[in-house]
Amino acid sequence: MIKYIPLNGEDKNTYLRYLTTTDLPEILELQTTVYEALEDKDRLEPLDEDEFLTILEGDPLMVGIFHQKKLIAFRAFLNPAADEEGLGRDIGLTEEDYAQIIYSEISNVHPDFRGNHLQTTMGKIIMEQLDATAYRYVLATVAPGNIPSMKDKFALGMRIYKVKEKYGKKLRYIFCKDLQKSNVSVKDQREIDMKDIDGQIKLIEAGYIGTKMEIVGNEWMVIYQK
């Protein structure tokens, strides 16, 4: 599959396709570039070569965007063997649900091409191709304060179901999208400062889920509903 992506008014110089093991050197090079450009390295949990190979050798769940034949962005989903990172358990799913879980595993966009919504473009294309009979729960983690990744998850219809420490005590939001669940009516809504982690944990414990974010003055707020 090749899909051309309009970028800077040039339709034919930028395109998306599924990645294979032959793309691994470029994938690793791009991940290094993105990681080194981060001011806060805790915002990205890099994958090693073996982890990328696990994804690339499985179902076609990793796409890349090329500009003038150079890889500038990639996004990978992963079908975990048994909820390997425990994200399903974290939000209350049971072993019976694990076979229907898929992770939105990692996204990287070259610093020179940020601001073009490439992360979300890739996510939408992968999710459109998912077999809804095989997968039900799309799960992901995002560091609080990683605004682009949070915007991406909300744009894909994912919601915050948990805030907790993961990956060696790094604070993370746990996002989920239930592909079989339609929107439900909202009885109550709360707005809370993103930096107020304890307050968000209390809202989640009270049955609220994070549904969107907005900026008020100079502060990012998360909207919780139930």
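These numbers were taken from a predicted model, which means no experiment stands behind them. Residue numbers here run from 1 along each chain, matching the order of that chain's written sequence. Per-residue local features of the predicted model are confined to residues with pLDDT of at least 70, and side-chain atom pairs are confined, for both listing and counting, to 80 or more; whole-chain, interface and lining totals are unaffected and use all residues. With hydrogens and water set aside, each side-chain value is computed from the structure's full complement of heavy atoms.

Visitor: Is there a simple way to think about the pattern of salt bridges in this case?
Guide: Pairing of side chains with opposite charge becomes possible as their charged atoms draw close. By definition, a salt bridge exists where a carboxyl oxygen of Asp or Glu is found within 4 Å of a side-chain nitrogen of Lys or Arg. By the definition in use, this model includes eleven salt bridges. One salt bridge in this structure joins Glu45 and Lys170, with 3.0 Å as the shortest N-O distance. With Glu45 in the loop between helix H1 (24-37) and helix H2 (49-56) and Lys170 in strand E8 (residues 170-178), the pair connects residues that are 125 residues apart, well separated along the chain. Judged by its relative accessible area of 21%, Lys170 is partly exposed. Between Arg89 and Asp83 there is a salt bridge, with the nearest N and O atoms lying 3.9 Å from each other. Helix numbers and strand numbers start at the N terminus; a helix is a DSSP run of H or I with at least 4 residues, a strand a run of E with at least 2. A 1.4 Å probe rolled over the protein chains alone gives each residue an accessible area, and that area as a share of the maximum for its type sets the label: buried under 20%, exposed over 50%, partly exposed in between.

Visitor: Please clarify how the pairing of strand E4 (residues 70-78) should be interpreted in this entry.
Guide: If a strand is regular, its side chains alternate between the two faces of the sheet. For E4, a buried count of eight out of nine residues is recorded, marking the element as mostly surrounded by other parts of the structure. As defined by bridge partners, strand E3 (residues 62-67) adjoins E4 across six bridges and the pair is classed as antiparallel. Bridging from a neighbouring strand, Val63 pairs with Arg75 of E4. At least two bridges found by DSSP between two strands are what make those strands a pair. Where E3 hands over to E4, the hairpin turn is made up of two residues, of which Gln68 adopts a positive phi near 50 degrees.

Visitor: I tried to follow the environment of Tyr103 on my own but got confused; where do I start?
Guide: Following the sequence through the fold, Tyr103 ends up in strand E5 (residues 101-109). The spacing of Tyr103 and Leu93 is ten residues in sequence and 14 Å in space, taken between C-alpha atoms. Those residues in contact with Tyr103, other than ones at most four positions away along the chain, are Ala76, Phe77, Leu78, Pro80, Asp83, Glu84, Glu85, Gly86, Leu87 and Leu139. Polar contacts here mean pairs of N or O atoms no more than 3.5 Å apart (in protein, one a potential hydrogen donor and the other a potential acceptor; neighbouring residues in sequence count only if both atoms are side-chain atoms). Engagement of the side chain of Tyr103 in a polar contact is seen with the side chain of Asp83, the distance being 2.5 Å. We call two residues contacting when some pair of their heavy atoms lies within 4.5 Å.

Visitor: Can you help me understand the packing of aromatic side chains in this one?
Guide: We describe a pair of aromatic rings using the distance from one ring centre to the other and the angle between the two ring planes. Stacked, edge-to-face and tilted are the three classes for Phe, Tyr and Trp ring pairs, Trp counted by its six-membered ring, which pair at centre distances within 6.5 Å; planes under 30 degrees apart are stacked, over 60 edge-to-face, the rest tilted. For the structure on display, the rule yields four aromatic pairs. Between Tyr15 and Phe66, the ring centres sit 5.5 Å apart and the planes meet at 15 degrees, which makes this aromatic pair stacked. Taken together, the residues span a long stretch of sequence, with Tyr15 in strand E2 (residues 14-18) and Phe66 in strand E3 at a distance of 51 residues. By relative accessible area, which is 18% here, Tyr15 ends up buried. Given a relative accessible area of 2%, Phe66 falls into the buried group. Arranged with centres 6.2 Å apart and planes meeting at 75 degrees, the rings of Tyr173 and Phe175 form a pair that is edge-to-face.

Visitor: Would you mind going over the nonpolar core with me for this structure?
Guide: A general trend in soluble globular proteins is that nonpolar side chains are found buried together. Take the buried residues of types Ala, Val, Leu, Ile, Met, Phe, Trp, Tyr and Cys, join any two whose side-chain atoms come within 4.5 Å, and each joined set is a nonpolar core. With 40 residues, the main nonpolar core has Met150, Ile160, Tyr173 and Tyr224 as its most contacted residues. Per element, the largest residue contribution to this core is five residues, and it comes from helix H4 (residues 118-129). Residues in contact with Ile160, not counting those within four places in the same chain, are Met150, Phe154, Tyr173, Ile174, Phe175, Ile204, Ile209, Gly210, Val222 and Tyr224. Formed by 29 residues, the second largest nonpolar core is a distinct cluster that contains Ile55, Leu56, Met62 and Leu87.

Visitor: Help me out: how do you make sense of the side chain of Lys166 in this one?
Guide: Position of Lys166 among the secondary structure elements: in strand E7 (residues 159-166). By relative accessible area, Lys166 is classed as buried at 11%. In terms of polar contacts, Lys166 uses its side chain to reach the side chain of Asp90, at 2.7 Å. Beyond its immediate sequence surroundings of up to four residues, Lys166 is in contact with Glu85, Gly86, Leu87, Asp90 and Arg172.

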